[in-house]
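Fold and contact review
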Amino acid sequence: MVDWATLPKDLLNLISKSLDSSFDLLHFRSVCSSWRSSADPKPPLPTHHLPILPDNGTSLFPDSAVGFRLSQRSILLVRPHKPPINESDLFGWLVKVEEDLNAPRKVTTLLDPMSETRRSLPEHFPRSLDVSSFKIRELGREFKLHYFNTVGDIVNSLYLEKAVVRYLDSCSKFVLLTIHVSGKLAVFTSWDRAWTVINDMPSPYDDVIVFDGRFFGVDNNGRTVVVDFDDLKLELVASPVYGGDKKFLIESCGEMLMVDMYLSMEEVDGDPGFGEEVFEHHAVFMNERTVKFKVFKFLEREKSWVEVKDLGGKMLFLGDDCNFTASASDLLPSCGGSCVFFNGNVFNEDNVDAMQDRDLGVFDFRSGKIELVHKLPEYAKLFWPPPPWITSHEIIREKHHQNVKCVIWSLRPWRFNRYGGVVVTRTSTLVYPLTLLFITQMTISTCSIALQRFLFTPPPQSLSQGRREAPMKVRCKAGAVPLMKQSHKFLSSLSSPALAGDPSATNRHIKKFVAASPKSVSLNVLSHLLSPHTSLPHLSSFALSLYSEITQASWFDWNPKLIADLVALLNKLERLQESETLLSTTLTNLKSNERDLALFLCSLAESNSKQGSAQGFNQACLRLREILQTSSSVYLKTQAYKSMVSGLCNMDQPNDAETVIEEMRLEKLKPSVFEYKSVLYGYGRLGLFDDMNRIVHRMETEGHRVDTVCSNMVLSSYGAHDALPQMGSWLQRLKDFNVPLSLRTYNTVLNSCPNITSLLKDLNSCPLSVSELLTFLNEDEVVLVRVLTQSSVLHEAMEWSSLEGNLDLHGMHLSSAYLIMMQWMDEIKVRFSGDKCVVPAEIVVVSGSGKHSSVRGESPVKALVKKMMVRTGSPMRIDRKNVGCFIAKGKTVKEWLCQ
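Residues numbered from 1 in each chain as written. Predicted model: local features only at pLDDT ≥ 70, side-chain atom pairs only at ≥ 80, totals over all residues. Heavy atoms only, no water.

On to the UniProt feature "repeat: PPR" (unreviewed entry) in the protein, then. Per the UniProt record, "repeat: PPR" (unreviewed entry) is annotated on residues 637-671 and 672-706. When the span residues 637-671 is considered, its composition is 77% helix and 0% strand, and the gap between its end C-alpha atoms is 11 Å. Secondary structure content for residues 672-706 is 74% helix and 0% strand, while the C-alpha to C-alpha distance between its ends is 13 Å. (UniProt positions renumbered as here; feature names shortened; annotations may be inferred. Helix = DSSP H or I, 4+ residues; strand = E, 2+ residues; numbered from the N terminus.)

Here it is in C-alpha cells:
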C-alpha cells in the first residue's frame, strides 16, 4: 500500500499551488504533518481600495462614499463525511460565506447562496464547527464592491452590478470587470488604479465571467465578446442569440454555457383570490414572469452558441452575483438533475413574504415546468435552514488528528435592523491551522441609518361607530391580497366593539399583534390594507400605525414598494401631511442612488394610479421625467415609461398612454409587449373596441405575437360589455391560429354567460352533463362553450397514472369548475371504457377548502362538487385527512361510471 505521507515535498508543494480554493488547501494541509509542512497556507487577500466608478454625472453613489473596497465571497457545498443514519438526510447544503470588512478580526457571515440575504442562525446552531468533519467544496466565487467613507468604514450600500476579478502574478495585481450603470463594460486595472468604460454597446450587457483565464461579456441579445484588458478592446467571439430576455454566463465542467431566461407578461394561474373580473385591475398582477429557459454551449472555433437540450446530471444556479453549477449526485442523489435554480418572479399566492416580487424558483428541463422551491421539500432543504447533520453537530472547542490542530469554522449570526436600534451579535472567526482562536463575546453596535417613526392621526370617530356586535366575517374582495388565517383573525378583532372609539387601545392591540406575529403574517395584513381592492376599506386608516410598528421589528427590511403603496393610500384618504412627510423622508434617503430612486418613483406612480390619486400620480410622473432628462441608463428610462403607460391606463387614459409610447420611440426606446397590452386593455375596459383592435393589429405588425394573456384581455373586455358575438369570433380566431386557451380563458368567458350564472344559483336543479347544459343556453353561449370544451384546459388540470387520477380545480371560478367537472366525468368514462385502460388506485378531485374564497373557509367550488357528487350518486367522499379533496378507489369510480 502506498504511504501517502512519504510523497516528495516538492511534488506536494506543486500540487498545493494548483489548489485554487482556500478550502481545498485547508483540507490538503490537514491530511498529515508532512503534507502540512510542504504546503504554505494561502495568504489572505489584501484589502483593495478602488476609486469611485465614473457615473456620467448622475450621482449614483452615497454622499459619504469616497471609494470602493473589494471583498470576496465563496459559495460552498457542505456535506457530511459519514453518511447520515437517516437516508432522507443524504443531501448537501449550499451556503455563501463572506468576511466582514469592518470587523477587526476575520469575522465570517453566512448569506443566502443565491442573493444578498443575510441569514440568522438557529438558536441550537453550534457556535463553532470542525471543518474536518465535513466535506466542503467551493462551487463558485463572487466579488462585491462596497462603498467606504473617509474614515474607512463600509457604507451600508453595495454597487449593484456583478463584478469579476482576475488575479495576475500576485494577489496585489489584478483586473476587475463589471457592468457600468449605462449598460457598458467597465474595467479597473490595479497598476493604473483607473477605471475605463468601454464605449461599445449595441445593447446593454447582461453578464460577465472569467473563463479560461479571459474576460467574457454577453449583452441582452446574446452577442458575446472577449475583453482584452491590455488595450481595452473587445473582440466578438459569438454572434447574437435572439429570443430570451436575460442572459447568464456560467462555467460547467470546463465548458462555458449561456442560460437564456424568458420573461412574459402573464397572469397568475391558479389564484382564485383575484376575483371574478380577471383583468379588471390588470396592473395588480401584470408583471414580468419567468416562464422558461434555454441553455447554449459555447463553441469558440465556430464563433457560435449551440443549444443544449438536456443538462444530464447538472444543476445550474443563477445567483444575483455568481452563477455556479453542481452535480446532482453530489448535492441531492435522489434528484435527476437537469434543472435551473433562479431568483425571479414566479407569482405564488402563498408567498406574501416576498415583498420584492422575487421568489426562488426551479425550472425542470425534462418537464418544462417552473415551481417554487419552498413548495418542493427535496429542493428547499438545500438552502435554509441548515440540515440536521450540521445543527446536531456537537460544539467543538479543540481537537487533534495526528498532532495537527483542526480547522474550526465559527460563524456570526445576523440580527440586523437597518433603520435604528441596537444590534446584538456573537462575533466569531474563521480560523486557519496554527492560529486556533475562539471568540465568544457580545458586540453591541448602533446602526448607522435611522428611520423616523411617523406619528399618525387616529382614525375619525365615525369609523368606529355603528359596527356590528357579532364577530365580523372578513371577505376577500376581487383583486385583494388573500388573507392568512392569523391575518383574518386579527382584522376581525380590530373591528370589534371593544376597540371602537379608543385609539390608544387600538394602538396597543396593533403593537401586541406585531410583537407576537411572524414576519409573513404582519406583512400579509399590511399588504391587504394597502391594496386598492381591500375588502376592509374602513380599516385602511390603520395601515400607517401598523407600518410604524412593523418598522420596529427585528426582522424589518426597508422596502420602497411598501412605502409607495402607503403614500398612495394616505393620498386616497386625504391625509396629505402624513403622506408628504413619509414621501419627503424616502426621497431624501434615496437621492444618492439614481437606480433605487427611479424604481421607487415607478412604484409610486403605479400605486397612486391604482388608488385613483391623480395628484399623486402626476407628481410622481414629474419626478420621473426629471430622471429621464438626466439619466443615461436605458433600463431606468424603459422602466419609467412602462410605469407611466401602465398608470395612465389604470386611470382610464389609454389615449395619453399611446402618446407616451410615441415619446419612447423618439427616445429610440422600443416599446415592449407590456406597454401595448396595457393600452389594449385600457381601451377594451372602456368599451372602445375599434381602438382595442387597432392596438392588436399594431402589435402584430411590429412582430409581437398575440398570446394567451393578450387574448384573455380582449375576451374580458368583450365580456364586460356583454359583447358575446364578438367574444365568440375572437375565440374562433384563437383556434384558427393555434393560440392555446388557459384556465383564465374559462373564467373570463363563462363568467360572461348570463344563463350559466343563473343556472348555478340553484345547485339542486342545474344540468349535470354538457349536452344537457347546451339546451339551456342561447346561441352565442353555445358557441362559446363548444370552443372551450375543444381546448386542452381539462387535460392540463388532470393527472392520470396507475397510482392516482387527479383533477385539480384550484384557480377555477364557480362556472369554470362546473363545466370542467362535467367534462371530466365524460372524459374518465371514456377512459374506463377502453380495452387497455389504466385504472388508478385512487381518484381525487381537489376543490380547495376555501382558503382563498371571499369568505375564508367557505368554498363555493367545494359546495358545487359536493352537490354534483350527491346528485349523480358518486362514491367519492370528502377526504378526512384533507377536507379540500374528494376521494375514492379507482375501481369503485369505474364501476359507478360504467354501470
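Next comes the rest of the account.
Turning our eyes to something else, we now look at the pattern of salt bridges. Applying the stated rule across the entire model yields 28 salt bridges. Glu658 serves as the salt-bridge partner of Arg698, at 3.8 Å between the closest nitrogen and oxygen. In this pair, Arg698 sits in helix α19 (residues 689-701) while Glu658 sits in helix α17 (residues 654-666), placing the two residues 40 residues apart along the sequence. When its relative accessible area of 22% is taken as the criterion, Arg698 is described as partly exposed. (Salt bridge = Lys/Arg side-chain N within 4 Å of Asp/Glu carboxyl O. Buried < 20%, exposed > 50% of the residue type's maximum accessible area, 1.4 Å probe, protein only.)

The pairing of strands in a sheet happens through backbone hydrogen bonds and is either parallel or antiparallel. Spatially, five strands are ordered β30-β31-β32-β34-β33 in an open sheet, and the strand pairing comes out mixed. On the outer flanks of this sheet lie β30 (798-800) and β33 (877-878), each paired with one strand and no other. Relative to strand β34 (residues 885-889), strand β32 (residues 842-846) is paired through five bridges, and the arrangement is antiparallel. Bridge pairing in β34 places Val846 opposite Cys885. (Pairing = 2+ DSSP bridges.)

As a further point, take the environment of Leu523. Here Leu523 is to be found in helix α10 (residues 519-530). Sequence separation between Leu523 and Leu546 is 23 residues, and the spatial gap between their C-alpha atoms is 9.5 Å.

Here we come to the nonpolar core. Judged by nonpolar contacts, the single largest core of 134 residues is most densely connected at Leu807, Leu809, Trp824 and Val845. By residue number, the principal contributor to this core is helix α27 (residues 814-833), which donates ten residues. Other than its neighbours up to four places away in sequence, Trp824 contacts Leu794, Met798, Leu807, Ile843, Val845 and Met876. (Core = buried A, V, L, I, M, F, W, Y, C linked by side-chain atoms within 4.5 Å. Contact = heavy atoms within 4.5 Å.)

All right, on to the side chain of Ser579 then. Note that Ser579 resides in helix α13 (residues 576-590). Beyond its immediate sequence surroundings of up to four residues, Ser579 is in contact with Val567, Leu570 and Asn571.

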